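Letter by letter, the chains look like this.
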Amino acid sequence: MQFFFEVLIGGLLSGVLYALVALGFVLIYKASGVFNFAQGAMVFFAALTFVGFLEVLPGWTGMEEGGRAVFWLAFVLSLAAMVVLAIATEKFVLRPLVNQPPITLFMATIGLTFLVEGIAQGIWGANVRGLDLGIADVPIEYMMDNFNILISSFDVFAAAVAAVLVAALALFFQYTRIGRALRAVADDHQAALSIGIPLRHIWVIVWAVAGFVALVAGMIWGARNGVQFALTFTALKALPVLILGGFTSVPGAIVGGLIIGASEKLAEVYVGPFVGGGIESWFPYILALGFLLIRPEGLFGEKHIDRV
Amino acid sequence: MLYREAGQFKASYEADQQIFPILQDRIGVMLLIGFFALAVPLFADQYWLKAILIPVLIFSLAAIGLNILTGYAGQLSLGSAAFMAVGAFGAYNFMLRIDGMPFLVAILLGGLCAALVGVMFGLPSLRIKGFYLAVATLAAQFFIVWALVKIEWFSNYSSSGVITAQQIEILGFAFEGPQSKYLLTLFVVVMMALAAKNMVRSTTGRSWMAVRDMDVAAEVIGIRLMRTKLTAFAVSSFYCGVAGALYAYTYIGTVEPEGFNLDLSFKILFMIIIGGVGSIMGSFLGAAFIVLLPIALDVFVPMLLGDLVSSSFVSNLQLIVFGGLIVFFLIVEPHGLARLWQIGKEKLRLWPFPH
Amino acid sequence: MAREIGDVILKMEGISLSFGGVKALTNISFDVREHEIRSIIGPNGAGKSSMLNVINGVYHPQEGQVTFRGEVRRDMEPHKAAKQGIARTFQNIALFKGMSVIDNIMTGRNLKMKCNVFHHALHWGKARAEEIEHRKKVEEVIDFLEIQNIRKTPVGRLPYGLQKRVELGRALAAEPSMMLLDEPMAGMNVEEKQDMCRFILDVNDQFGTTIVLIEHDMGVVMDISDRVVVLDYGKKIGDGEPDEVKNNPDVIAAYLGTSH
Ligand SMILES: Nc1ncnc2c1ncn2[C@@H]1O[C@H](COP(=O)(O)OP(=O)(O)O)[C@@H](O)[C@H]1O
Ligand SMILES: [Mg+2]
């Protein structure tokens, strides 16, 4: 039973990371109706930029390597890079394709994926890098002693960060003028315009926020598994998460992420051995597919009948 | 004044419904096929045949397959490579396990296996559309590759699923050199391209396009959505499957399931975006473009920039150029090279009098 | 007029339809007789389009039943409706945008074509003959609608009025016994409206096609309809011959009450 809980908790925690990627996705889909395939690439780009700056900044500025100042400067610069990416995306991809069918925009974001991956590796190189956020990756003694369950303090930290991020986003959407505009635009473009924020700015903002989420996800992920190209594949698992949770639902992204994370680990451990293992690579997709057949609108989505 | 439509009146609907209604086009296509069937194998060197012409033909076939599903029937797929894999492993097993299996029959059976699997993964398309379906096809991509690695029977118990294609022999003639393999590939691809063109200009193709453009209206006309979509999945996967079999037998020789990965699926998608979504001709143009581009980059970038560049730089540049081109084409010419070709022809029609 | 109005062929009984909380139709009953021109009128959002959608199975009502040519059903299925001879045009043109005029109209022949995908791939004998045979029929429709010169044009490039005409052509190509026309004259100028009116009357007259028509132009409706149903907020408030409906106090109230 302990073992079961360990697997479950480990799965839930990797699910948190899927949820973070999916969250960036949902933000963009809600505000611009774009299915952003490049979200995973953005996570990679952000993480690589962050570790890249960590490496080069001490040399450029004479700051102490591994110090707090370097960390925050790298963070701010990476965030700035994500904002630049958002602006460039709006200007060179979204604006020229406005009013095109959604599928065209989707394909454009596949192009964007390649572009972003190429640029990231072109600038920072393609070798695998470790990332140390200074959070210990050791079992929590309390849980060990009292329940005999192995939980890493790092994973708990990651979950906490994700929770804070989601809460912060919720507050942002609820209580700021821009946040309200973003919500309005999701419901009705015309209404958003009447708030007085141009649609273009809204897109830039929402892509930048998604970039911020990508940066956080990338840092946590990079610290766990190293910053490497494989990140983009793992990030793809945010797609079945979205199918489960629905494209427009923030709670859906989180619940979906947790379900996918937990079930793929449990399946790997309990079913995997009977079929040769490695089923994590496809399990989330098949699960999502099966789920689609039962409930095409997702966990939290609404049933929709085409209007003719 | 050579390329004219004027004066060629069509006396019957039959004449009007030909694939190439304009005489010059018909002659042009004949010359083109003649050139590739006769002149090329005589004069092209081994490298061109093996590294460029054969893969271009094979990928054209795969691109036609994806174009049928995505370009004509409007169902986006990110799993074409997996269906190629099914075709390759299918053909391999038919050759391996049935004595005296004729090669052409084996690749067609490989294609049929792919069609069956395609229909299975196409079933969700009855309830889901658009992005949802694209994600569902990712399931096919990952699951199929996994299954081919893990179920060792498929690769006759070789390690990590690697298979080596058997010798091709048709009516006692062994296809060994690149010339003969090229000709064989050309024959299969031309025949299947012709059949594809026939399908898309008939009721089958119109039903696909109707479902793509407006599924509710299609249903109201009496088009069965289920049958139409599944036919598209079957035919598309069949084409990808045959392409996969050719990929194993006339191109690479030794293949493993991981070779048919998501990257390859994307490549095929890029071929139809750049070549022309919903165009058979575009499938060829796109395949040629995507096969040639990396080769051109490999050759010309070091030439221009000298020793400054590393190979990883070139591979990153490739990603950037691919990604950039996709976005560029979607914005500037969503109908791809095929449309540019058409515009060129229309210009030619006016030539030499521009007005 | 030469045509003679026949028996009831379509009967809607107690139809109720809602979307989430929105009640689009509430307990509506009416019938349609063979060969007649039956109009449905009412303000925007009254549920007229929804009614057509229930008739040919695009929407499935929560309550009620549809009887068409003696067959009683809770729900129609769109392709079954098509098979039984019901054709349809849409309020917001639903042409196949990526296809030419001729291909759009050819799709209307779909149900009458027998060849399968293998015949098509080979395009020999049977498939070719079938294509030509149906092309002839489609050319007749094209001649009837006077759109010969735009045959090969992609429909997306046509002006609105012509698109509506092509959509009518697609419906006609199926040689339906009943046509459901959803605001076929909306957004047209007077001349285009006259043409469209003429086509509808000709179809009704020459082929005896029963027509269920949604139209906002009262002049046209009162002129060409045999009977009229009036909907308001999903409820039926009037039903009868044009004169009868015109003088119905509820209908007058509904129309004066809304800004028309
Ligand atoms: N597919 C749908 N989904 C949700 N609501 C719909 C749908 N179709 C129609 N409605 C609603 O049903 C009501 C009637 O609409 P409709 O039949 O289009 O009216 P009309 O054609 O008379 O203008 C409206 O309130 C409309 O918003
Ligand atoms: Mg309406």
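As named in an unreviewed UniProt entry, chain C is ABC transporter ATP-binding protein, taken from Denitromonas halophila.

Chain B has the name Branched-chain amino acid ABC transporter permease in an unreviewed UniProt entry, where Denitromonas halophila is given as its organism. Looking at chain B in UniProt, the text filed under Subcellular location (unreviewed entry) is "Cell membrane".

A. Quick look at empty space enclosed by the protein. Residue and element names in this part refer to chain C. Using the criterion set out here, one finds one cavity of 30 Å³ or more in the structure. Counted as a void, the largest cavity has a volume near 40 Å³. The wall of the largest cavity is formed by T89, K164, E167, L168, L181, P184 and M196. Among the elements that line the lining of the largest cavity, the one with the most residues is helix 6 (residues 160-173), at three residues. Looking at the lining of the largest cavity residue by residue, the classes come out as four nonpolar, one polar and two charged.

B. Highlighting the coordination of the magnesium ion (ligand 2). For the magnesium ion (ligand 2), the protein coordination sphere consists of S49 of chain C (OG) and Q91 of chain C (OE1), at 2.0 Å. Taken together, the residues S49 of chain C in helix 1 (residues 48-55) and Q91 of chain C in the loop between strand 6 (86-89) and helix 3 (101-107) connect sequence positions 42 residues apart.

C. Main features of the interface of chain A and chain C. With four residues of chain A at the interface, the matching set in chain C holds six residues. Both faces combined, the contact of chain A with chain C buries some 370 Å², and carbon together with sulfur accounts for 68% of it. The interface formed by chain A and chain C contains zero salt bridges. Summed over the shared surface of chain A and chain C, the number is zero residue pairs in polar contact (both at pLDDT 80 or more).

D. Fine view of unusual backbone geometry. Notably, Y157 of chain B is not glycine yet its phi reads approximately 60°, a positive angle. Phi is positive for H123 of chain C, close to 55°, though the residue is something other than glycine. Considering the arrangement of structural elements, one finds H123 of chain C in the loop between helix 4 (117-122) and helix 5 (125-144). The buried category is assigned to H123 of chain C, whose relative accessible area is 7%.

E. A look at the side chain of D232 of chain C. Residues and elements named next belong to chain C. Within the element layout of this structure, D232 appears in strand 9 (residues 227-232). Buried and unpaired, D232 has K48 as its nearest opposite-charge partner, separated by 8.7 Å. With residues up to four places along the chain from it excluded, the contact list for D232 reads P43, A46, I237 and A254.

F. Region of the structure containing the site of ligand 1. Taken together, the neighbourhood of ligand 1 is formed by 16 residues, with G45, G47, K48, S49 and S50 of chain C sitting nearest. Of the chains in the model, those with residues near ligand 1 are chains A and C. A46 of chain C places a polar main-chain atom, nitrogen or oxygen, 3.2 Å from an oxygen atom of ligand 1. A distance of 2.8 Å separates an oxygen atom of ligand 1 from a polar atom in the backbone of K48 of chain C. For ligand 1, the accessible surface in isolation is 550 Å², of which the surrounding protein chains cover 80%. Of all the elements in the fold, those that place two or more residues in the shell around ligand 1 are strand 2 (22-33) and helix 1 of chain C. No other element matches the three residues that helix 1 of chain C contributes to the shell around ligand 1.

G. Layout of the packing of helix 4 (residues 80-97) of chain B against helix 11 (residues 262-275) of chain B. Residues and elements named next belong to chain B. Where helix 4 meets helix 11, the closest approach of the two axes is 7 Å, and the angle between their N-to-C directions is 110°. It follows that helix 4 is roughly perpendicular to helix 11 by the angle criterion. Together, S80, A81, A82 and M84 of helix 4 and L264, S265 and I268 of helix 11 make up the contact between the two elements. When the residues that make up the contact of helix 4 with helix 11 are grouped by side-chain class, the tally is five nonpolar, two polar and no charged.

H. Focus on the side chain of R227 of chain C. Residues and elements named next belong to chain C. Here R227 is to be found in strand 9. The exposure class assigned to R227 is buried, which follows from its relative accessible area of 12%. Other than its neighbours up to four places away in sequence, R227 contacts D31, V32, R33, E36, I37, R38, S39, G240, E241 and P242.

I. Highlighting a positive patch on the surface. On the surface, R224 and R227 of chain B together with K80, K83, K112 and K114 of chain C cluster together to form a positively charged patch. Its place among the elements puts K112 of chain C in the loop between helix 3 and helix 4.

Conventions used here
- Along every chain, residues carry numbers that run from 1 in the direction the sequence is written.
- Here every chain gets a letter starting at A, and every ligand a number starting at 1, in the order they are written.
- Thresholds applied to this predicted model are a pLDDT of at least 70 for local features of residues and 80 or more for the giving and counting of side-chain atom pairs; totals over whole chains, interfaces and linings are not thresholded and use all residues.
- The side-chain figures draw on all heavy atoms in the structure; neither hydrogens nor water molecules are used.
- UniProt positions are given in the numbering used here, feature names are shortened, and annotations may be inferred rather than shown by experiment.
- Cavities and pockets were defined on a 1 Å grid built over protein atoms only: a cavity is a set of grid points that admits a 1.4 Å probe from which the probe cannot escape, a pocket is an open set flanked by protein on both sides within 12 Å along at least five of seven lines, and lining residues are those with an atom within 4 Å of any such point.
- Grid points are joined across faces, edges and corners, and a volume is the space filled by probe spheres set on the points.
- Here a strand is any run of E in DSSP of at least two residues, a helix any run of H or I of at least four, and the numbering for each starts at the N terminus.
- Gly counts as polar in this scheme, as do all residues outside two lists: the nonpolar Ala, Val, Leu, Ile, Met, Phe, Trp, Tyr, Cys and Pro, and the charged Asp, Glu, Lys and Arg.
- Only nitrogen, oxygen and sulfur atoms qualify as donors, provided they sit within 2.8 Å of the metal or within 3.2 Å for Na, K and Ca; with water excluded from the atoms, sites may seem incomplete.
- We call two residues in contact when some of their heavy atoms are within 4.5 Å.
- Put simply, buried area is how much 1.4 Å-probe accessible surface two parts lose in total, over both of them, once they are put together.
- By definition, a salt bridge exists where a carboxyl oxygen of Asp or Glu is found within 4 Å of a side-chain nitrogen of Lys or Arg.
- Polar contacts, as used here, are pairs of N or O atoms within 3.5 Å; protein pairs need one atom able to donate a hydrogen and one able to accept it. Residues neighboring in sequence count only if both atoms are side-chain atoms.
- Summary of the burial criterion: residues with accessible area below 20% of their type's maximum are buried, those above 50% are exposed, and those between are partly exposed, where the area comes from a 1.4 Å probe applied to protein chains only.
- In summary, the charge assignment counts Lys and Arg as positive and Asp and Glu as negative, without counting His or the chain termini.
- Any residue with a heavy atom lying within 4 Å of a molecule or strand is counted as near it.
- All accessible areas in this document rest on Shrake-Rupley with a 1.4 Å probe, and a residue is counted as covered only by the protein chains that are shown.
- Lines fitted to C-alpha atoms define the axes, with helix axes restricted to the stretch in contact, and inter-axis angles between N-to-C directions lie between 0 and 180 degrees.
- These descriptions rest on fixed angle ranges, namely under 35 degrees for roughly parallel, over 145 for roughly antiparallel, 65 to 115 for roughly perpendicular, and the rest for oblique.
- Put simply, a patch holds well-exposed residues, over 30% relative accessible area, that have no salt bridge, with like charges counted together within 9 Å and Val, Leu, Ile, Met, Phe, Trp or Tyr side chains within 5 Å.
- By convention, the point assigned to a charge is CZ for Arg, NZ for Lys, CD for Glu and CG for Asp.

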